[in-house]
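Structural features, examined
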Amino acid sequence: MGGYGDVKLLRDDGKRLDGRTVDEMRPVSIEAGVLPAADGSAMVTHGLNVAVAAVYGPMEAHPRKIQRQDRAVIDVRYNMAPFSTGDRIRPGFNRRSREISKVTAEALESVVLVERYPRSKIRVEIEILAAEAGTRCVGITAAAVALADAGIPMRDMIVGVASGKIEDTVVLDLDKAEDNYGQADLPVGILPNTGEIAFLQMDGDLSIEEFNLAMEYNFKAASEIHELMVDALKRRYERGDN
Amino acid sequence: MSEGQSGAEQRLVTPGMVIGPSTGKHAGSGAIAQNEEFIATRLGWLNEQNDVVSVRPINSAYMPRSGDLIVGVVAEVRNNLWFFDVNGPFQALLPMSLAPWKVEFGSTRQHLGIGDAALARVQEVDEAHNMVLTMKGIGLRRLNEGCVIPIPVNLIDTLRGENNTMVSRIRDLTDCRIIVADNGRVWVHGDADNMFTARGLIQTLVDEGHMNNFEDAVHALEQQRGEN
């Protein structure tokens, strides 16, 4: 992604095409416990992205060759629905969804206390119903809420956020045009209580200063989203409020 | 639940939430100590008793412990043993030597077939979740009648009440035989109307258990029965 010089992504007043300031996130709403059949579930709406995550288990890991004698394995399946974008997506696994499933599983493994459930499997299904850039982050956030809802022990709830660069300006939370025509994208999985980073990918180039600014935006956004995650879980279970 | 009715404000905690300083206290289940602070690891209600800080989880899978009374459903039969589904991550094994009958090699299917429910006890569990059941013991038997109702494992204590008072009240109220097993299954047996009432009560617990109004529901039914 080298950037496309002739696409204007910042307005003359310094705001972005959708009217957001550079450090403003798209609106986020989170709901826990949306699927009755799952052990835990969550739906996250982030701008025009909609992700549903379902968690099943811990259960016996099958096939047996994937079992680990000292810990549980986390089996993540990230999938974009065929109708989630303007162009129909061919159903089923592809190279991109395989990669995102893998990085999500590794990010979640670092927070879930997997050593509590040897030989088991925790199944996490992430379905993207509508996509508008940043779906892997929305998927991770949804998976974290669903894991908490399922009662899986975790050190922290991981939050997926992204920053990027458009027209040589660092901005928080890229939308579709900014993602397609911008210069860089930096999705991160953050543990808000300890400030640790559970996963980080970078597409495009950022200088050290830009990277630091992008991370600053990401941490700020992560704490905002984390509050919404906690609120969603509380809303589901707080007494007399169901 | 007894703690829930003490009037004290209950605090809902989420994974990663800092519960408080760890000095002079111990971390119980659902909490870990990190940098001299306790961190919650599960979604649930905070509980502090005798210097032990723990989290009572809202949702949890059944994790077997030896001595647990369970209602199992036969999932697989071999010539000399049965595999039971016990509502946990792993199947449990009942060898023919621990069955209450004299079983000949190859005749296991005559005593328990796939889909049959039985009341059993957990004999032993190892760290890799291998689990052996026994049906030798008082009251352990095949369940030939009645119905089995699944409930979330964390609501078992609520259903039993302190010293089984709650389940006794439901037994008196509905005139049913009720066994609350440790693996989140409740066996209910009585005549059809009574079983329907008992199932309704237990379903109230399943649907609204986190709101702590189960005792009110039982009390309301008791009053209603008293009036009629």
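See the structure printed just above.
Since the model is a prediction, treat every value here as computed from it, not as a measurement. (Residues numbered from 1 in each chain as written. Chains lettered and ligands numbered in written order. Predicted model: local features only at pLDDT ≥ 70, side-chain atom pairs only at ≥ 80, totals over all residues.)

Re the overall build of chain A
Applicable threshold: Numbering of helices and strands runs from the N terminus; a helix is a DSSP stretch of H or I covering at least four residues, while a strand is a stretch of E covering at least two. In this treatment the radius of gyration is a C-alpha quantity, and the globule benchmark scales as 2.2 Å times the residue count to the 0.38 power. Partly exposed residues are those whose C-beta has more than 12 but fewer than 20 other C-beta atoms within 10 Å; 20 or more makes a residue buried and 12 or fewer makes it exposed, with C-beta atoms placed from the backbone. By the convention adopted here, residues are in contact when the distance between their C-beta atoms, placed from the backbone, does not exceed 7 Å.
Each helix and strand counted, chain A has 4 helices and 10 strands in total. Along chain A, helices and strands appear, N-terminal first, in the series β-β-β-β-α-β-α-β-β-α-β-β-β-α. The C-alpha atoms of chain A give 18 Å as radius of gyration, which agrees with the globular expectation for 242 residues (18 Å, within 12%). Taking all 242 residues of chain A together, the buried fraction comes to 48%. In chain A, of all internal contacts separated by at least 6 residues, the share reaching a separation of at least 24 is 69%.

Let's talk about the nonpolar core
Stated precisely, the cut-off is as follows: Joined through C-beta atoms within 7 Å, a set of buried Ala, Val, Leu, Ile, Met, Phe, Trp, Tyr and Cys residues constitutes a nonpolar core.
Grouped together as the largest cluster of nonpolar side chains are 85 residues, with contacts concentrated most on Ala 53, Ala 142, Val 145 and Ala 146 of chain A. Ranked by the residues each element gives to this core, the list is headed by helix 4 (residues 208-237) of chain A, at 11 residues. Among all residues touching Ala 146 of chain A, those that are not within four sequence positions of it are Gly 40, Ser 41, Ala 42, Ala 53, Ala 54, Val 55 and Val 124 of chain A. In terms of nonpolar packing, the next biggest core, distinct from the first, is built from 37 residues, Val 71, Val 74, Leu 94 and Ala 120 of chain B among them.

Things to note about unusual backbone geometry
Residue Pro 58 of chain A follows Gly 57 of chain A across a cis peptide bond; omega there is 5 degrees. Position of Pro 58 of chain A relative to the elements: it lies in strand 3 (residues 49-60). The residue after His 62 of chain A, namely Pro 63 of chain A, is reached through a cis peptide bond having omega -5 degrees. Notably, Asn 87 of chain B is not glycine yet its phi reads approximately 70 degrees, a positive angle. Take Asn 87 of chain B: it is sitting in the loop between strand 9 (81-85) and strand 10 (92-95). Although it is not a glycine, Asp 175 of chain B sits at a positive phi angle of roughly 60 degrees.

Examining helix 2 (residues 135-149) of chain A
All names here are of chain A. Convention followed: The span expected for a helix works out to 1.5 Å for each residue beyond the first.
Helix length check: helix 2 (15 residues) gives 21 Å between terminal C-alpha atoms against 21 Å at 1.5 Å per residue, within 8%. With 15 of 15 residues buried, helix 2 lies mostly within the body of the structure. Phi for Gly 151, located one or two positions after helix 2, is positive at around 80 degrees.

A closer look at the sheet that holds strand 16 (residues 185-189) of chain B
Residue and element names in this part refer to chain B. To keep things clear, this is the line we draw: At least two DSSP bridges between two strands are needed for those strands to be called paired. Only C-alpha atoms enter the line fits that serve as axes; for helices the fit covers just the stretch in contact. Angles between N-to-C directions range over 0 to 180 degrees.
Judged by pairing direction, the sheet is antiparallel, and its 3 strands sit side by side in the order 14-16-15 without closing on themselves. The open sheet has two edge strands with one neighbour each: strand 14 (147-150) and strand 15 (177-180). The mean angle between the axes of side-by-side strands here comes to 20 degrees, regardless of whether they run parallel or antiparallel. Pairing geometry for strand 14 and strand 16, over 4 bridges, is antiparallel. When the sheet's bridge partners are listed, Val 148 is paired in strand 16 with Trp 187.

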